[in-house]
Amino acid sequence: MVKVYEHENQGGSFVLENGLLQVSISALSPNNVTLSVPSWGLQYDVHICPAAAEVSDPAGIHMVQPAIESGPGALIFGGLSALGFDWAVSLTLEPGSLVFKCEARLHNRCALPLWVPCDFGFPSARAWNNPGSRMLLTESDDGALVSNWSSVPSALIRIKDRGAEVDLGPVFLGPYSTAYRRVSLWPAPQVAGDRALSDVMLLALDSHKLKIFSACYSPGRSVYVQLEDRSQLESTLDLDPGSVFEESFGQNVKDIVVRHRGHEEARMTPSVAQISENRTLVAALPSRTSEIWLAALSSNGGSPLCSEDAYISSVLAGTLPHEAPFGTEHALSHLWAIEAFKSGDWDKVQSHLDDALTWNSEDQTTWWFKAVTDRQSGHEAGGDNLLNLRFLAPLDPLSRAEAFLCTPVGTAVGPSPLVRPLADSPSLLLDTLCLQIEHGMIQDAARLSLESLHFQDTPLVRYIYAWLLMTTTNLASETAHQVALAGQIGTVGPLPQRRPEIRAIRELSQAFRQDTALQAWVDMIKFKP
């Protein structure tokens, strides 16, 4: 079975293991994954992360225990990028298998389309590509690592001078859209001769000796061998994970085929199928349709379109370019739902959100929006919509915020422990507050920001709270008091980078022109559009 646990002797280290393979990550740097094969004495260091996530706010590590004894276990880590997207990487391991699955989930949290880079790095070694497939064999002196990204629609594979790199190419994310990158990895022994790869097998032929290595339990495999004298041999094998089957022949081999239940699983024709080394391999490139669409978005009579408000107005008015990529319909339904939410038309909100989920049922932001609408309209708080959000994105801070907001005001004794993790990570908290404000959830944002200030006094959070008071109430003295408290802390913590943050600082500075602390914040954002 698979074990998922936090290492007691190594603080902040999380482990997945199944007796054959051990996968470990550090809470400080979870994108640097260590794969260990104890029986071989081998270890591989693999960098697995969306490239832009290098400069992001981590949201922690989530352990997924196997639901049943024969089920898989997983580790999930992720965060929020400064570029405006939510990212999560799921590392999954099944019992009795050396196959290690990685899935990067990228979600655009805002109303603007984004280009997101995503890459996977491998250990420095010689790299070999299997012709006709999207598989890479990275060899070192004492072992090899096989990668398979066959489920990825586009990929650019580069062979570096010092090692191998799989660059999965940029991902286009429409507004509130989600994209996936999936890669499977498995270790293999170093073998010489002609080689061929399948999803879970490595075939090698050297000096008339055939070797077959399987990364998982593969019973009932039929192996067909055609020799130089045209004779044919057939054998049925039960291949155990991690073991190497060997068979010698007294003459040259012309063809080798492995079948399972009548379907061809692997084939090697030594004379033509030898894996060849290349310095640069291109598997596929993304379509340029999205580039053309974005170029049209970013120009308006030669002037850059730098206002998100202008973009949203264009979406709602239907004045965007006709050749818009997939996801525009989903974004339009989401934006119409925001307009209906601000006017309190709950039936229209739910109708638009249902339309949005018809286009993209894996949009975590829309599931959160539905959960909030249920609560605001008087329906049962939480429920299936919040469960769907937690299933899709267990680390998303929106689910924690909504869990707090579902509790009636005044029922808790003291500050809510649900808010503490958000308060301890101001960037995650500010992202949540800005999403609430952009969706018209002003009271929710005010309540969450005030509650978080009980745990940690972050200037920008307090400024946002003051701005919400100024724009929605007549409490001028309380607004001035909050501005003064924020000014006493200084310009520390996250800087304004999202629309509500920038708007709050600018409008507060207009109302409190003599406040020198606010003017210092304005100077930090004066070059932002």
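Predicted model only: the values in this text are computed from it and were never measured. (Residues numbered from 1 in each chain as written. Predicted model: local features only at pLDDT ≥ 70, side-chain atom pairs only at ≥ 80, totals over all residues. Heavy atoms only, no water.)

## Some details on the layout of surface pockets
Then comes step 1: By volume, the second largest pocket is sized at about 770 Å³.
Then comes step 2: Lining the second largest pocket are 27 residues, and of these Ala74, Ile76, Ser90, Thr92 and Glu103 sit closest to its centre.
Then comes step 3: Taken together, the elements giving at least two residues each to the lining of the second largest pocket come down to β6 (56-64), β7 (73-81), β8 (85-93), β9 (100-108), β18 (178-188) and α6 (383-392).
Then comes step 4: With 5 residues, the top contributor of residues to the lining of the second largest pocket is β18. (1 Å grid on protein atoms, 1.4 Å probe; cavity = no way out; pocket = protein on both sides within 12 Å on 5 of 7 lines; lining within 4 Å. Points joined across faces, edges and corners; volume = space filled by probe spheres on them. Helix = DSSP H or I, 4+ residues; strand = E, 2+ residues; numbered from the N terminus.)

## Some points on the sheet that holds strand β26 (residues 263-268)
Picture the strands of a sheet paired through backbone hydrogen bonds; they go either parallel or antiparallel.
Then comes step 1: Taken together, the 4 strands give an open sheet; going across it, the order is β23-β22-β25-β26, and neighbouring strands pair in antiparallel fashion. Of all strands in the sheet, those with a lone pairing partner are β23 (232-239) and β26, marking the two edges. Pairwise comparison of adjacent strand axes, ignoring direction, gives a mean angle of 25° for this sheet.
Then comes step 2: Pairing analysis gives 6 bridges linking strand β22 (residues 218-227) to strand β25 (residues 253-260), with the strands arranged antiparallel. Its bridge partner lying in β25, Ser222 is registered against Arg259. (Pairing = 2+ DSSP bridges. Axes fitted to C-alpha atoms, helices over the stretch in contact; angles between N-to-C directions.)

## With respect to the nonpolar core
Then comes step 1: With 78 residues, the main nonpolar core has Leu35, Ile48, Leu91, Phe100, Phe120, Trp186 and Ile212 as its most contacted residues.
Then comes step 2: What Leu91 contacts, discounting residues up to four positions off in sequence, is Leu16, Ile25, Val33, Gly73, Ala74, Leu75, Phe77, Phe100, Lys101 and Cys102.
Then comes step 3: Judged by nonpolar contacts, the second largest core, of 32 residues, contains Leu433, Leu460, Ala466 and Leu518. (Core = buried A, V, L, I, M, F, W, Y, C linked by side-chain atoms within 4.5 Å. Buried < 20%, exposed > 50% of the residue type's maximum accessible area, 1.4 Å probe, protein only. Contact = heavy atoms within 4.5 Å.)

## Let's talk about the side chain of Thr479
Then comes step 1: Within the secondary structure, Thr479 sits in helix α12 (residues 476-489).
Then comes step 2: By relative accessible area, Thr479 is classed as buried at 3%.
Then comes step 3: In this structure the side chain of Thr479 is engaged in a polar contact, spanning 2.9 Å, whose partner is the backbone oxygen of Leu475.
Then comes step 4: In this view, Thr479 contacts Ala466, Leu469, Met470 and Phe512; residues no more than four positions away in its chain are not counted. (Polar contact = N/O pair within 3.5 Å; in protein donor to acceptor, adjacent residues only side chain to side chain.)

## With respect to the packing of helix α5 (residues 364-376) against α6
Then comes step 1: As a packed pair, α5 and α6 sit with axes 8 Å apart at the nearest point and diverge in direction by 155°. One element, α5, and the other, α6, form an angle in the roughly antiparallel class. The interaxial crossing formed by α5 with α6 has left-handed handedness. Between α5 and α6, the contacting residues are Gln364, Trp367, Trp368, Lys370, Ala371 and Asp374 on the first element and Asn385, Leu386, Asn388, Leu389 and Leu392 on the second.
Then comes step 2: Each residue belonging to the contact of α5 with α6 can be placed in one class, and the counts come to 6 nonpolar, 3 polar and 2 charged. (Parallel < 35°, antiparallel > 145°, perpendicular 65-115°, else oblique. Left-handed = near helix turned anticlockwise from the far one by under 90°. Nonpolar A, V, L, I, M, F, W, Y, C, P; charged D, E, K, R; others polar.)

## Points about the confidence of the model for the chain
Then comes step 1: Averaged over the chain, the pLDDT score is 81; the fraction of residues at 70 or greater is 81%.
Then comes step 2: Scored below 50 in pLDDT, residues 272-306 makes 68 contacts in the model with residues more than four places away or belonging to other chains. (pLDDT = per-residue confidence, 0-100.)

## Some details on the environment of Val419
Then comes step 1: Tracing the backbone through its elements, the reader meets Val419 in the loop between α7 (397-405) and α8 (420-423).
Then comes step 2: Given the relative accessible area of 1%, Val419 is considered buried.
Then comes step 3: Leave out the neighbours within four places in its chain, and Val419 touches Phe404, Leu448, Glu451, Ser452 and Phe455.

## Focus: the pattern of salt bridges
Then comes step 1: All chains considered together, the criterion is met by 17 salt bridges.
Then comes step 2: Ionic pairing is found between Glu139 and Arg195, a salt bridge with its closest N-O pair at 2.6 Å. Of the two residues, Glu139 sits in strand β13 (residues 135-139) while Arg195 sits in strand β19 (residues 194-197), which places them 56 residues apart along the sequence. Accessibility assignment for this pair places Glu139 and Arg195 in one class, buried.
Then comes step 3: Among the salt bridges present, the one from Glu402 reaches Arg375, with a minimum N-O distance of 2.7 Å. Of this pair, Glu402 sits in helix α7 while Arg375 sits in helix α5; the two residues are 27 residues apart in sequence, bridging distant segments of the chain. With respect to burial, Glu402 and Arg375 carry one shared label: buried.
Then comes step 4: A network of salt bridges, in which partner residues are shared, links Asp86, Arg109, Asp396, Asp431, Arg498 and Glu501. (Salt bridge = Lys/Arg side-chain N within 4 Å of Asp/Glu carboxyl O.)

## A short note on empty space enclosed by the protein
Then comes step 1: Applying the stated criterion across every chain, the model contains 1 cavity of 30 Å³ or more.
Then comes step 2: Computed from the structure, the largest cavity encloses a volume of approximately 60 Å³.
Then comes step 3: Surrounding the largest cavity, Ala59, Gly78, Gly79, Asp86, Trp87, Ala88, Gln364, Ala393, Pro394, Leu395 and Asp396 form its lining.
Then comes step 4: Elements with a minimum of two residues in the lining of the largest cavity: β7 and β8.
Then comes step 5: Ranked by the residues each element gives to the lining of the largest cavity, the list is headed by β8, at 3 residues.
Then comes step 6: Here the lining of the largest cavity is composed, by residue class, of 6 nonpolar, 3 polar and 2 charged.

## As for the environment of Ser207
Then comes step 1: With respect to the helices and strands, the residue Ser207 is situated in the loop between β20 (201-206) and β21 (209-214).
Then comes step 2: The sequence separation of Ser207 and Gln251 amounts to 44 residues, and the corresponding C-alpha distance is 8.8 Å.

## Details of the packing of aromatic side chains
What characterises a pair of aromatic rings is the spacing of the ring centres plus the angle enclosed by the ring planes.
Then comes step 1: Taken as a whole, this structure holds 7 aromatic pairs when the rule is applied.
Then comes step 2: Between Trp186 and Phe213 the ring centres are 6.1 Å apart and the planes differ by 25°, which places this aromatic pair in the stacked class. Of the two residues, Trp186 sits in strand β18 while Phe213 sits in strand β21, which places them 27 residues apart along the sequence. For the pair formed by Trp186 and Phe213, the shared burial category is buried.
Then comes step 3: Joined through ring pairs, the aromatic side chains of Phe341, Trp346, Trp368 and Phe369 make up one cluster.
Then comes step 4: Directly above the ring of Tyr180 sits Arg182, whose terminal nitrogen or CZ lies 4.7 Å from the centroid. (Phe/Tyr/Trp six-rings, centres within 6.5 Å; stacked < 30°, edge-to-face > 60°. Lys NZ or Arg CZ within 6 Å of the ring centre and 35° of its normal.)

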